[in-house]
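Architecture and fold: a report
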Amino acid sequence: MLAGLYEIDWAAMGHAYGSAEEVPELLRGLASADAGEREAALDAMYGAVHHQGDVYDSTLACIPFLFELVADPSVRDRGRIVVLLTSIGGGDEVAEEYLDEIVIEGGGPAGEDVWGALEDEEDILGLLDAEGAAAAERAESAAWRANYAMAVTAVRAQAEVFADLVADPDPEVRRAVPVALGALHGETARILDVLRDRLPVERDTETRLALVEAVGTLALRRGGPADEAAGWLARLAGSRAEDLADRASADPAPAADPGLRLAALAQLARCAPERLPADVVPTAVALLRAVRGEQPSSRSPQEVPAERQVPATFVGRLRELREQAEAGRSAPWAADLLRTLHTALDDRVEDRTELVIDQLRSPDWGRRIDAVWMSGGLVRGWRGRYEELVGLLGQQLADPEDRLREGAASVLENLYELAAPAADALAAAVAADPGSWVQEWSQGRPSLGGMVKTLARLGDPRALPALASALDRPDIPQDLGYAIEHLGAAAAPLAPLLRRRLAEVTLNDEEAYDQAEPLLRGVAAIGAAESFPEVLRILRGAPAARRDWLLCSAIRALARFGPAAREALPDLRALVADPGSCIALEAATALWAIERNPAVLPVLLAHLDSDSPHTRRSAAEALGELGPVAAGAAPRLRELLKDPAVWMRVDAAVALWRVSGDAAAVLPVLRSAWSENVHTRAVIAGCLAELGPAAAAAAPLLRDELAAVRRHNNEGDHYGTLDVCADERLLRACRRALSRISGTGPATDGDR
């Protein structure tokens, strides 16, 4: 076994952490009789040789040996090696993208014949030579692309090994092989027959599901048997929710199996959504109930064998987490099918919502926790009517199952105003569990508990007891000020506590900023001018450690106090004296807020020429706040309309409108930026509302945005905690802008 392994100069190759000299021992470890050694070797393969999906020269050199191990029935855990090879071979389609780039740039064949035209690694390297690596700085990128592309061809060249394993005695091998065949084998039409022929004789449930999944993958392959595969899936799925009986079909597949039918329905949604039955949700619900039954999942934790209670590897830890997630669940594989179907339904928001709502109503906590996580992805990425769904999420907060409560709280935390239907449930859960009000961390300062933050983000005063308690802690939660900002005037009862804690801040301490910032943000949010003496003390006594940050926070609070902070004017004028300082910009802005003195204009103008893009943008925003008083800034702002940075152009356009009222100059800039960067849209829509009828040419952009199903910041697998909040803000701004363009409605609201 592994003949020639030591004839390769592994030390001359590399992986994620340097020399690949240890790779031979890892390959031998995969064949070890000891389970711990096999797992450690697999962990190292993923951790270094195929780190985060990367392909190195050592990865390529491993491929023949990995296939040798897979084909040897004496090797244990071969199913995991099949999964590793599938990933190396580009089962996630990343490698195809790299190869397409090489082919097109190298002048090679494009389109569906690309794979047939490239027979081996030499062909790929030849294309790279034709591409010429363009310039020296592109050489490394070209080498990376070559590795990926060569991995594709190397694994696909030996993919017939997988076909030989469809009837392997090891069920783990049989479960892994269909996915590999569907993603990698070049003879897609023949493999479709192989998969369909195996289904009637296969008895392992998860393998049967994998066979159906592989058919869906084949249908999506470039040049694959899409129509034939989709037709087979449609027949297997059936079409009527009330009929779970077998349907007459030319296929020998056991279509009456509800698990298989659900799997086929999910794959049909992936590859041929137009062939889904009209009653897809009732059909899926009926199949789920047939699969899982109505008996609730057990709540007792599953015991982990003693030798695996402390996993020694990352791979082992992942396996344990999965086992914990599936503990007590009936047919846990059904959750994967449901997620596949739910995701594949894509923009069919009403269907997806209906499916999730049905699961949230189930007496089975296992079904409900699946629905909780699916609802998070749905609401985060798509617009819809979610009142009923969110109300059901709130109900989960009272469930005795920890995983369900924690999951629901986590999803609700990032919904901001959309969490309103769950407000009563949140308030009850917060009141019942004071221990959840603050979250301690192993490092760093504490933060508010998730449910407290969610309640505060709704502006709900029932969050005040938790916030007052947090203010009494020696270490104030770092995000307390943000919670108070969302509450606004409703947080006024906290003013005395905030003032007392500000007076207690030690100004000769390196932690002064951490102590003071949440408090300063809080008093600014509620305009607690009675805290002026305490804020002025901090302004005058800020220590050297993070002094600028602390000064900025104090100055912003003074600006919010307005004329009540007049006693601080001499201090602010002194801080304005250095026109190159970021503090000077903050101080000038505060001076305007307090006394409306146009003498700050030269300072703001000077900052428009700062080397810092952030400072230039802040200066433009500050000039816009001055309005027509800053008309002298118009020439420089017009110049900035041509800045290469889109955000600078947007901020300059908004400011120019506010100081000059020149709609003709700013409207083209705003319309162009709208398409260039989706994240500018809320700011642009706010400005369009100010333009009113003069922005009529932008009305189609606003209408298209309001008609879109996907949130403007939906970036697939990448998301942020503010996505829902930002998108709802954009929708409000678009509606307001359209009403202003039509001549009705206010120009601004609380968002500005």
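Residues numbered from 1 in each chain as written. Predicted model: local features only at pLDDT ≥ 70, side-chain atom pairs only at ≥ 80, totals over all residues. Heavy atoms only, no water.

1. Brief notes about the overall build of the protein
Counting secondary structure elements, the protein contains 39 helices and four strands. Considering only contacts within the protein whose residues lie at least 6 apart along the sequence, 67% involve residues at least 24 apart. If you sum the accessible surface of the protein, you get close to 32600 Å²; carbon and sulfur atoms cover 51% of it. (Helix = DSSP H or I, 4+ residues; strand = E, 2+ residues; numbered from the N terminus. Contact = heavy atoms within 4.5 Å. Areas by Shrake-Rupley, 256 points an atom, 1.4 Å probe, with all protein chains shown as cover.)

2. Points about the environment of D227
Among the structural elements, D227 can be located in helix α13 (residues 226-237). Along the backbone, D227 and A272 are 45 residues apart, and their C-alpha atoms lie at a distance of 8.6 Å.

3. Considering the pattern of salt bridges
A side chain of one charge can pair with a side chain of the opposite charge if their charged atoms are brought near each other. For the structure shown, the criterion picks out 53 salt bridges. Ionic pairing is found between D609 and R636, a salt bridge with its closest N-O pair at 2.9 Å. Separated by 27 residues along the polypeptide, D609 in the loop between α32 (601-607) and α33 (613-626) and R636 in helix α34 (residues 634-640) bring together distant segments of the chain. R636 sits in the partly exposed class, given a relative accessible area of 25%. Linked by salt bridges that have partners in common, R383, R681, E705, R711, D727 and E728 make up one network. (Salt bridge = Lys/Arg side-chain N within 4 Å of Asp/Glu carboxyl O. Buried < 20%, exposed > 50% of the residue type's maximum accessible area, 1.4 Å probe, protein only.)

4. Observations regarding the packing of helix α17 (residues 333-344) against helix α18 (residues 349-360)
Packing of α17 against α18 leaves a shortest axis separation of 9 Å and a crossing angle of 150°. Compared by their axis directions, α17 and α18 come out roughly antiparallel. Crossing of α17 over α18 shows left-handed handedness. In contact with L338, L341, H342 and T343 of α17, α18 contributes R352, L355, V356 and Q359. Its residues placed into classes, the contact of α17 with α18 shows four nonpolar, three polar and one charged. (Axes fitted to C-alpha atoms, helices over the stretch in contact; angles between N-to-C directions. Parallel < 35°, antiparallel > 145°, perpendicular 65-115°, else oblique. Left-handed = near helix turned anticlockwise from the far one by under 90°. Nonpolar A, V, L, I, M, F, W, Y, C, P; charged D, E, K, R; others polar.)

5. Section: the confidence of the model for the protein
Taken as a whole, the protein shows an average pLDDT of 87; of its residues, 84% reach a score of 70 or greater. Residue range residues 127-137 is modelled with pLDDT below 50. Its contacts to residues more than four positions away, or to other chains, number 17 contacts. Predicted confidence is poor over residues 239-250, with pLDDT under 50, and the contacts of this stretch with residues over four places away or in other chains come to 25 contacts. (pLDDT = per-residue confidence, 0-100.)

6. Topic: empty space enclosed by the protein
According to the stated counting rule, one finds two cavities of 30 Å³ or more in the structure shown. One number sums up the size of the largest cavity: a volume of about 60 Å³. Only α2 (35-49) and α4 (78-88) provide two or more residues apiece to the lining of the largest cavity. In terms of residue count, the dominant contributor to the lining of the largest cavity is α2 (three residues). Of the residues belonging to the lining of the largest cavity, the class tally is three nonpolar, no polar and five charged. (1 Å grid on protein atoms, 1.4 Å probe; cavity = no way out; pocket = protein on both sides within 12 Å on 5 of 7 lines; lining within 4 Å. Points joined across faces, edges and corners; volume = space filled by probe spheres on them.)

7. Regarding the nonpolar core
Grouped together as the largest cluster of nonpolar side chains are 235 residues, with contacts concentrated most on L27, L66, F162, L389 and L494. Looking at which element gives the most residues to this core, the answer is helix α35 (residues 646-660), with ten residues. In this structure L27 touches L2, L5, W10, M45, C62, F65, L66 and L69, once residues within four positions along its chain are discounted. (Core = buried A, V, L, I, M, F, W, Y, C linked by side-chain atoms within 4.5 Å.)

8. A word on unusual backbone geometry
Notably, Q52 is not glycine yet its phi reads approximately 50°, a positive angle. Summarising the element assignment, Q52 is placed in the loop between α2 and α3 (57-71). Of the residues examined, Q52 reaches a relative accessible area of 70% and is grouped as exposed. For Y416, which is not glycine, the phi torsion reads 50° and is therefore positive. Relative to the helices and strands, Y416 resides in the loop between α21 (402-413) and α22 (423-432). The buried category is assigned to Y416, whose relative accessible area is 6%.

9. Considerations on the environment of P563
Within the secondary structure, P563 is located in the loop between α29 (547-561) and α30 (569-576). With 34 residues separating them along the chain, P563 and A529 place their C-alpha atoms 9.5 Å apart. Apart from the residues lying within four places of it in its own chain, the contact partners of P563 are A593 and I594.

10. Focus: the packing of α33 against α35
Contact geometry for α33 and α35: axes closest at 8 Å, N-to-C directions at 15°. As summarised for this structure, α33 and α35 are arranged roughly parallel, according to the angle between their axes. Taken as a pair, α33 and α35 cross one another with a handedness that is left-handed. The residues of α35 that touch α33, namely those facing R616, R617, A620, L623, G624 and E625, are W647, M648, D651, A652, A655, R658 and V659. Across the contact of α33 with α35, the residue classes tally to seven nonpolar, one polar and five charged.

11. Digging into the packing of aromatic side chains
A complete count under the given rule lists three aromatic pairs for this structure. Pairing W10 with F65 gives two aromatic rings, centres 6.3 Å apart and planes at 50°, and the pair type is tilted. A residue pair is termed long-range when its members are at least 10 positions apart, and W10 in the segment before β1 (14-15) and F65 in helix α3 qualify at 55 residues. Considered together, W10 and F65 belong to a single accessibility category, that of buried residues. Relative to W549, the ring of Y513 has its centre 5.5 Å away and its plane inclined at 65°; by these criteria the two rings are edge-to-face. Note that Y513 is positioned in helix α27 (residues 512-526) and W549 in helix α29, a separation of 36 residues in sequence. According to the relative accessible area criterion, Y513 is buried, its value standing at 17%. Positioned above the aromatic ring of W382, the side-chain terminus of R352 is 4.2 Å from the ring centre. (Phe/Tyr/Trp six-rings, centres within 6.5 Å; stacked < 30°, edge-to-face > 60°. Lys NZ or Arg CZ within 6 Å of the ring centre and 35° of its normal.)

12. Quick notes on the environment of A420
Here A420 is to be found in the loop between α21 and α22. When the C-alpha positions of A420 and G391 are compared, they lie 8.3 Å apart, and in sequence the two are 29 residues distant.

13. Topic: helix α37 (residues 681-691)
Burial analysis of α37 places ten of its eleven residues in the buried class, the great majority of the element. Those residues of α37 that fall on the buried side of the exposure criterion are R681, A682, I684, A685, G686, C687, L688, A689, E690 and L691. Contacts from the buried residues of α37 go to α35, α36 (663-676), α38 (699-707) and α39 (723-741). Of the residues flanking the end of α37, it is G692, one or two places downstream, whose phi is positive at about 65°.

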